[in-house]
Amino acid sequence: MPRIHCPTPLAQGSELALPAAAAKHVQVLRLQPGDALTVFNGEGGEWDAAVTRMHKQGVDIRVGTHHAVEREAPQAIHMALGMPANERMDWLVEKATELGVSSITPLMTARSVVRLQGERADKRLAHWQAVAVSACEQCGRNRVPVIHPIQTLSSWFNALPASDGARWLLGFAPDAALVGASPVPTTILSGPEGGLTPEEETLALQHGFAWRGLGPRVLRAETAAITALTWATYPHGCPG
């Protein structure tokens, strides 16, 4: 059954016009009046629904029963990423959403190839948030991860709260423990292609990050981030 993200208040028995993006999705699927679908607004659970009207201005639905089902990861995992090239970032946002990431912060670091500011940054941010929404519709999540605004690594460090759970820095330090199950909410910092500079790594350690490794092989930036997320969230395999 099609799943549609509908970021608006939902209540059993209500009738409403879908927001523009959700209506376009229904139109692309060629649904017709009477067809069933599932809607969620990101605030918890999902609703049965049915199309009541298709028209030039949009799509109307009737909201049915609410189901308090959640498919979130056992612990909140926040990813802070030195941005890879755009198409790789798209893939990373999609797969991280499917794996249960709670939020993603795209970072500009000393070795970042991609540098976005102003209107270009706003457009990419909106695009990545839409990628996350689509991934939630596909994988069954009812809570959409937040894609935070693009910022520099130093700005992000300066804005970190005093304490927000565990902080892990991915790298090859001799004393780096392997990434494993996270018993508490965790922020994982992963560098871009070429990694973080020694100065950036030192700053991370000064802000409470601890080294974590992924084994002896050198992984691509997006592969390292997804591997760390998978091991931290589902160390013994995803629950069936």
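That block above? That's the structure.
Please read all numbers here as calculations on a predicted model, not as lab measurements.

Conventions we followed
Residues numbered from 1 in each chain as written. Predicted model: local features only at pLDDT ≥ 70, side-chain atom pairs only at ≥ 80, totals over all residues. Heavy atoms only, no water. Helix = DSSP H or I, 4+ residues; strand = E, 2+ residues; numbered from the N terminus. Buried < 20%, exposed > 50% of the residue type's maximum accessible area, 1.4 Å probe, protein only. Contact = heavy atoms within 4.5 Å. Pairing = 2+ DSSP bridges. 1 Å grid on protein atoms, 1.4 Å probe; cavity = no way out; pocket = protein on both sides within 12 Å on 5 of 7 lines; lining within 4 Å. Points joined across faces, edges and corners; volume = space filled by probe spheres on them. Nonpolar A, V, L, I, M, F, W, Y, C, P; charged D, E, K, R; others polar. Salt bridge = Lys/Arg side-chain N within 4 Å of Asp/Glu carboxyl O.

### Side note on the environment of Q12
Its place among the elements puts Q12 in the loop between β1 (3–5) and β2 (15–17). Among the residues examined, Q12 registers a relative accessible area of 58% and is labelled exposed. Linking Q12 and T109, residues 97 residues apart in sequence, is a C-alpha distance of 47 Å. Those residues in contact with Q12 that lie beyond four places of it in its chain are W47, V63, G64, T65 and H66.

### Considerations on the pairing of strand β13 (residues 210–213)
Residues W211 and G213 point to one face of β13 and are all buried, whereas A210 and R212, pointing to the other face, are not buried. When strand β10 (residues 166–170) meets β13, the two strands line up parallel, connected through three bridges. The residue of β13 that forms the bridge with L170 is R212. Across two bridges, the pairing between strand β11 (residues 177–178) and β13 is parallel. Looking at the pairing, A177 lines up with R212 of β13.

### Overview of the environment of V133
You can see V133 is positioned in helix α3 (residues 118–139). Taking the relative accessible area as the measure of exposure, V133 reaches 18% and is therefore buried. Those residues within four positions of V133 in sequence are excluded, and the remaining contacts are H5 and V144.

### Side note on the layout of surface pockets
Space inside the largest pocket adds up to approximately 410 Å³. As for the largest pocket, its lining consists of 24 residues, of which L170, G171, F172, G195 and L219 are closest to the centre. Elements represented by at least two residues in the lining of the largest pocket include exactly β10, β13 and α6 (221–233). With three residues, the top contributor of residues to the lining of the largest pocket is β13. Space inside the second largest pocket adds up to approximately 290 Å³. Every residue lining the second largest pocket is counted, 13 residues in all, and those nearest its centre are A21, A22, V133, S134 and E137. Breaking the lining of the second largest pocket down by element, the ones donating at least two residues are α1 (20–28) and α3. With six residues, the top contributor of residues to the lining of the second largest pocket is α1. Looking at side-chain class alone, the lining of the second largest pocket contains eight nonpolar, three polar and two charged residues.

### As for the pattern of salt bridges
As enumerated under the stated definition, the model contains 12 salt bridges in all. Among the salt bridges present, the one from E193 reaches R88, with a minimum N-O distance of 3.8 Å. Of this pair, E193 sits in the loop between β12 (186–190) and α5 (198–206) while R88 sits in helix α2 (residues 86–99), placing them 105 residues apart in sequence. For R88, a relative accessible area of 27% gives the class partly exposed. Across the pair R124 and D90 runs a salt bridge, and its minimum N-O distance is 3.3 Å. Of the two residues, R124 sits in helix α3 while D90 sits in helix α2, which places them 34 residues apart along the sequence. Several salt bridges share partner residues, and in doing so they unite R3, E46 and R71 into one network.

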